[in-house]
Amino acid sequence: MNLDRVIAVRNTKTVYRDGKNCIKVFNDDYSKSDVLNEALNHARVEETGLNVPKIIGVTTIDGKWAIISEYIKGKTLAQLMEEDPDNKEKYIEMLVDLQIEVQSKTNPLLTKLKDKMNRKISEADLDANTRYDLHTRLEGMPKHNKLCHGDFNPSNVIISSKGKAYIIDWSHATQGNASADVARTYLLFWLNGDMDGAEKYLDIFCKKSNTKKEYVQKWMPIVAASQSVKGNAKEREFLLSWADVVDYE
């Protein structure tokens, strides 16, 4: 394998291109079960028929776990938004259309979103009363089994050189209520400092999917609390501030 060409560097992994392959190499302290779970999630999403890069293999490189997948030549929606800000709303609309397509799929073998969120809320750095309120709200939310990406944002959508959209990074995929995934995307825009993009995204999604904005907003504290368990200190502080809000106007 040729690991000379770096595509991306993250806190826990480095992504390389080797010809027609994309090789995601995880840090040596990264959990083996998390790597295998990511590969399994991705494989299960492939089975839904969505347009995703194909998994080719899982291996170790110099003692580090790695996932090998198909390399997609193109640009992310995040890059396109940055290069062409005048058409940002068009790109957000593309993001929404893709997310609605994702949520039209099901896979009964994926982890249930509610189960995962209940575990995360229990681990969150919140007082017992707030955690109890969040657990109660979560249990009261409608139970669905739609495919949820878990980290659906413009940097996880690649538009190929032929104009075809590919969705990547399925490590957080679950089955559950689609509005929870929408709340997560909204918060990701905020975490990226793009409040205007967040509001445009939510407006477009709710209009296209005929979803009440208030319904998505009810998920915000739940999603923020569950996501606060991982990430850097600044992100945790921001998410916990959202998790402590009981209701939105």
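Up top is the structure these notes are about.
Below, the structure is looked at part by part. Since the structure is predicted, the reported quantities are computational estimates derived from the model, not experimental observations.

Moving on, we come to helix H4 (residues 113-123). Taken together, the buried positions of H4 are Leu113, Lys114, Met117, Asn118, Lys120 and Ile121. What you see down the axis of H4 is that its buried residues fit within an arc of 170 degrees, all on one side. Taken together, the buried residues of H4 touch helix H5 (128-140), strand S7 (146-148), strand S10 (174-176), helix H6 (178-191) and helix H8 (213-227).

With respect to topology, 3 strands assemble into an open sheet ordered S6-S8-S9, the strand pairing being antiparallel. The two strands at the open ends of the sheet, each matched to only one other strand, are strand S6 (74-76) and strand S9 (165-167). Between one strand axis and the next, the sheet turns through 30 degrees on average, direction left out of account. Across 3 bridges, the pairing between S6 and strand S8 (residues 157-160) is antiparallel. Among the inter-strand pairings, Thr76 is bridged to a residue of S8, identified as Ile158.

This next bit is on the side chain of Lys120. Looking at the secondary structure, you find Lys120 in helix H4. Buried charge Lys120 goes without a salt bridge, the closest partner of opposite sign being Glu123 at 4.7 Å. Residues in contact with Lys120, not counting those within four places in the same chain, are Ala225, Ser226, Val229 and Lys230.

Moving on: helix H7 (residues 195-209). Residues separated by three or four positions in an α-helix point in the same direction, a consequence of the helix having 3.6 residues per turn. With 15 residues, H7 extends 21 Å from end C-alpha to end C-alpha; this agrees with the ideal 21 Å at 1.5 Å per step. Taken residue by residue, H7 has Gly197, Ala198, Tyr201, Leu202, Ile204, Phe205 and Cys206 as its buried positions. Looking at the packing, one finds that the buried side of H7 touches helix H3 (88-103), H6 and H8. Asn210 occupies a position one or two residues after H7 and carries a positive phi of about 55 degrees.

Calculation criteria
- Residues numbered from 1 in each chain as written.
- Predicted model: local features only at pLDDT ≥ 70, side-chain atom pairs only at ≥ 80, totals over all residues.
- Heavy atoms only, no water.
- Buried < 20%, exposed > 50% of the residue type's maximum accessible area, 1.4 Å probe, protein only.
- Helix = DSSP H or I, 4+ residues; strand = E, 2+ residues; numbered from the N terminus.
- Arc of directions from axis to C-beta.
- Contact = heavy atoms within 4.5 Å.
- Pairing = 2+ DSSP bridges.
- Axes fitted to C-alpha atoms, helices over the stretch in contact; angles between N-to-C directions.
- Lys, Arg positive; Asp, Glu negative; His and termini not counted.
- Salt bridge = Lys/Arg side-chain N within 4 Å of Asp/Glu carboxyl O.
- Expected span 1.5 Å × (residues − 1).

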